[in-house]
Amino acid sequence: ELRHCGRPPPPSHTQPPPVTAHSVLVEAVGAYPHNWSAWLDLAELCLEDKDLQAPVEAALAPAARSSWIYSFFLVHVFLEQQHCMDALAVIEHLTPLFPHSHYLLAQTAVAHYHVRDFDVAQRHFERLRASDPCRLEQMDVYSNILYVKDKRAELSRLAHEAVRADKYRPETCCIVGNYYSLRGKHEKAVLYFRRALSLDRNYLSAWTLVGHEHLEMKNTGAAVEAYRRAVDVNARDFRAWYGLGQTYEILNMHLYALHYYRRAASLRPADSRMWCAVGGCYLRLDRRAEAMKAYERAIGADDREGIATRRLAKLYAEDGEDDAAARCYRRHLEMTAAEDVDGPEAEAMLYLGTYYKDRGDLDTAGLYFSKLLDYPGHEKEEAKASLREIRSRVVVRTAKG
């Protein structure tokens with residue numbers, strides 16, 4: 001026993017837990033919760049590996065989770081994951097604490113932009129610019145809104161003010177590029193988007209916009225290259241995957257297009273455009289059942305334009321499922337609710353009028369046909385003929401009565 005006196009105890013076989021990047025970052029925010037750069041790095045790790053989210057949540061100290069900066073962290077993560085309504089809910093909780101925060105106002109605008117509520121997003125960006133006229137962060141997103149809404153004068157003013165603030169910022173180059181794209185000068189737009197990339201090679205928006213411009217110019221090879229670079233920078237960017245799908249669809253390579261559209265849909269499951277694109281590819285591949293499922297997903301994802309509803313109605317009608325087709329056409333008319341009858345609405349009204357006429361509901365059929373009398377297409381003549389038939393049937397019914 002004396003021979004072991006003074007010697008260290010035998011080594012333990014239990015190994016200490018391995019040091020990982022997320023454990024170090026969790027320790028950093030626990031020691032100093034206001035270390036925002038550590039929060040951003042932690043968010044990037046969680047976004048790259050979803051399996052880390054639960055362990056990180058469990059490892060965070062209660063003091064860190066109860067801090068207001070944890071809520072800022074959640075806003076950032078939710079927006080990166082395209083969970084915009086969750087982000088807006090957290091922002092609503094934070095706004096009373098930070099009523100004059102430009103960061104929260106900008107994130108609110110970006111969240112509304114991602115859910116395609118462009119009018120609300122524009123109002124928030126205008127408030128942001130009024131309180132911080134020299135701000136360039138997120139102004140490229142604002143320029144996207146002005147581009148989509150065809151606000152040429154406002155986009156021109158934004159471009160001039162951005163150049164005056166700092167012409168060597170990638171955001172400025174993207175704003176100017178959007179302005180030239182809106183004017184149809186795609187070569188000059190590419191020049192400015194490339195200038196943004198020379199300032200920041202990982203500037204995601206610029207890669208995606210370069211792809212869009214090359215697609216406009218029918219340069220599919222360059223478009224594919226730009227979209228692939230965007231995916232390399234951030235594989236969570238649904239716009240790049242969707243752009244790849246569009247490019248391969250133009251090339252009539254529908255299996256490739258389907259693959260990329262499905263990737264985009266997995267990132268934006270609540271966006272009806274993604275599911276409409278998936279459904280279109282399935283139709284071109286003669287996979288009708290899967291196309292119909294995709295269009296159903298699009299309808300469930302707020303099909304605002306009624307594209308999926310109309311296409312699904314046509315498929316049901318071709319399959320002889322008249323009740324399902326009529327249900328889809330009614331839903332389409334309820335969603336559009338337009339006073340002026342356009343082609344899709346005329347198609348729906350003609351079908352529904354015929355549907356109710358064949359089932360003996362002449363009053364309802366007459367209402368649909370009457371709405372087509374001011375429409376200039378062939379549907380007007382068919383509606384007139386059907387109304388004459390309805391009147392004659394009413395006369396016969398009255399005589400029999």
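What counts and what doesn't
- Residues numbered from 1 in each chain as written.
- Predicted model: local features only at pLDDT ≥ 70, side-chain atom pairs only at ≥ 80, totals over all residues.
- Heavy atoms only, no water.
- Salt bridge = Lys/Arg side-chain N within 4 Å of Asp/Glu carboxyl O.
- Helix = DSSP H or I, 4+ residues; strand = E, 2+ residues; numbered from the N terminus.
- Buried < 20%, exposed > 50% of the residue type's maximum accessible area, 1.4 Å probe, protein only.
- 1 Å grid on protein atoms, 1.4 Å probe; cavity = no way out; pocket = protein on both sides within 12 Å on 5 of 7 lines; lining within 4 Å.
- Points joined across faces, edges and corners; volume = space filled by probe spheres on them.
- Nonpolar A, V, L, I, M, F, W, Y, C, P; charged D, E, K, R; others polar.
- Core = buried A, V, L, I, M, F, W, Y, C linked by side-chain atoms within 4.5 Å.
- Axes fitted to C-alpha atoms, helices over the stretch in contact; angles between N-to-C directions.
- Parallel < 35°, antiparallel > 145°, perpendicular 65-115°, else oblique.
- Left-handed = near helix turned anticlockwise from the far one by under 90°.
- Contact = heavy atoms within 4.5 Å.
- Patch = residues over 30% accessible without salt bridge, like charges linked within 9 Å, V, L, I, M, F, W, Y side chains within 5 Å.
- Areas by Shrake-Rupley, 256 points an atom, 1.4 Å probe, with all protein chains shown as cover.
- Lys, Arg positive; Asp, Glu negative; His and termini not counted.
- Charge placed at Lys NZ, Arg CZ, Asp CG, Glu CD.
- Expected span 1.5 Å × (residues − 1).
- Phe/Tyr/Trp six-rings, centres within 6.5 Å; stacked < 30°, edge-to-face > 60°.
- Lys NZ or Arg CZ within 6 Å of the ring centre and 35° of its normal.

## Observations regarding the pattern of salt bridges
In a structure, side chains of opposite charge can pair up when their charged atoms sit close to one another. Throughout the structure, instances matching the rule amount to 18 salt bridges. The salt bridge involving Glu 80 is made with Arg 236; its shortest N-O contact spans 3.1 Å. Of the two residues, Glu 80 sits in helix H5 (residues 68–80) while Arg 236 sits in the loop between helix H14 (220–233) and helix H15 (238–250), which places them 156 residues apart along the sequence. With a shortest N-O distance of 3.1 Å, Lys 357 and Glu 389 are connected by a salt bridge. On the criterion of sequence distance, the pair formed by Lys 357 in helix H21 (residues 343–358) and Glu 389 in helix H23 (residues 378–400) is long-range, its members being 32 residues apart. Glu 389 gets classed as partly exposed once you look at its relative accessible area, which sits at 34%. Each of Glu 44, Glu 80 and Arg 236 takes part in salt bridges that share partners, so that together they form one network.

## Some words on empty space enclosed by the protein
Under the defined criterion, the tally for this structure stands at 1 cavity of 30 Å³ or more. Within this model, the largest cavity holds a volume of roughly 30 Å³. Around the largest cavity, the lining residues are Arg 129, Pro 133, Cys 134, Arg 135, Leu 136, Met 139, Leu 158, Glu 161, Ala 162 and Ile 175. Across the lining of the largest cavity, the residue classes break down as 7 nonpolar, no polar and 3 charged.

## Examining the nonpolar core
Residues Phe 125, Leu 244 and Val 278 are the most contacted members of the largest nonpolar core, which totals 97 residues. By residue number, the principal contributor to this core is H21, which donates 8 residues. One finds Leu 42, Ala 43, Leu 47 and Leu 60 within the second-largest nonpolar core, a separate group that totals 17 residues.

## Some remarks on the packing of H5 against helix H6 (residues 84–94)
In contact at an axis separation of 8 Å, H5 and H6 are set at 155° when each is read in the N-to-C sense. When the interaxial angle is binned, H5 and H6 end up roughly antiparallel. The interaxial crossing formed by H5 with H6 has left-handed handedness. Here Trp 68, Ser 71, Phe 72, Val 75, Phe 78 and Leu 79 of H5 lie close against H6, whose contacting residues are Cys 84, Asp 86, Ala 87, Val 90, Ile 91, His 93 and Leu 94. Of the residues contributing to the contact of H5 with H6, the split by class is 10 nonpolar, 2 polar and 1 charged.

## Details of the layout of surface pockets
Space inside the second largest pocket adds up to approximately 610 Å³. As for the second largest pocket, its lining consists of 23 residues, and the residues nearest its centre are Gln 82, Leu 267, Arg 268, Pro 269 and Ala 270. Counted by class, the lining of the second largest pocket contains 9 nonpolar, 6 polar and 8 charged residues.

## Observations regarding the environment of Lys 167
Secondary-structure assignment places Lys 167 in the loop between helix H10 (152–166) and helix H11 (170–182). Exposure remark for Lys 167: the relative accessible area of 46% places this residue in the partly exposed category. Taking the C-alpha atoms as reference points, Lys 167 and Ala 365, 198 residues apart in sequence, are found 62 Å from one another. Discounting chain neighbours no more than four positions away, the residues touching Lys 167 are Ala 162, Thr 172 and Cys 173.

## Topic: the packing of helix H13 (residues 204–216) against H15
The geometry of H13 relative to H15 is characterised by a closest axis approach of 10 Å and an angle of 15° between their N-to-C directions. For the element pair H13 / H15, the angle class is roughly parallel. Where H13 crosses over H15, the handedness of that crossing is left-handed. On H15, the residues touching Leu 204, Ser 205, Thr 208 and Leu 215 of H13 are Arg 239, Ala 240, Gln 246, Thr 247 and Ile 250. Per-class residue counts for the contact of H13 with H15 are 4 nonpolar, 4 polar and 1 charged.

## A word on a positive patch on the surface
A surface patch of positive charge is lined by Arg 152, Arg 183, Lys 185 and Lys 188. Of note, Lys 185 is situated in the loop between H11 and helix H12 (186–199).

## So, the environment of Val 90
With respect to the element layout, Val 90 can be found in helix H6. A C-alpha to C-alpha distance of 38 Å links Val 90 and Tyr 256, two positions 166 residues apart in sequence. The contact partners of Val 90, leaving out residues within four places of it in the chain, are Ser 71, Val 75 and Phe 78.

## A word on helix H17 (residues 272–284)
Taking 1.5 Å per residue, 13 residues should reach 18 Å; H17 reaches 19 Å between its end C-alpha atoms and fits that length. Within H17, the full set of buried residues consists of Ser 272, Met 274, Trp 275, Cys 276, Ala 277, Val 278, Gly 279, Gly 280, Cys 281 and Tyr 282. On its buried side, H17 packs onto H15, helix H16 (254–267), helix H18 (288–300) and helix H19 (307–318). Asp 286 sits one or two positions beyond H17 and adopts a positive phi of about 60°.

## A short note on the packing of aromatic side chains
Summed over all chains, the structure comprises 19 aromatic pairs. Centroid distance Tyr 242 to Tyr 261: 5.3 Å. Interplanar angle 50°. Geometry classified as tilted. In this pair, Tyr 242 is assigned in helix H15 and Tyr 261 in helix H16, connecting sequence segments 19 residues apart. Considering the side-chain rings of Tyr 329 and Tyr 351, the 5.0 Å spacing of their centres and the 40° angle between planes classify their relative orientation as tilted. With Tyr 329 in helix H20 (residues 322–336) and Tyr 351 in helix H21, this residue pair connects regions lying 22 residues apart in the sequence. Overall, Tyr 329 belongs to the buried group, its relative accessible area being 3%. A connected cluster of aromatic rings, assembled from ring pairs, spans Trp 36, Trp 68, Phe 72, Phe 98 and Tyr 103. Cation over ring: Arg 263 sits above Trp 241, and NZ or CZ is 4.1 Å from the ring centre. Sitting above the plane of the Phe 238 ring, Arg 268 keeps its charged end 4.5 Å from the centroid.

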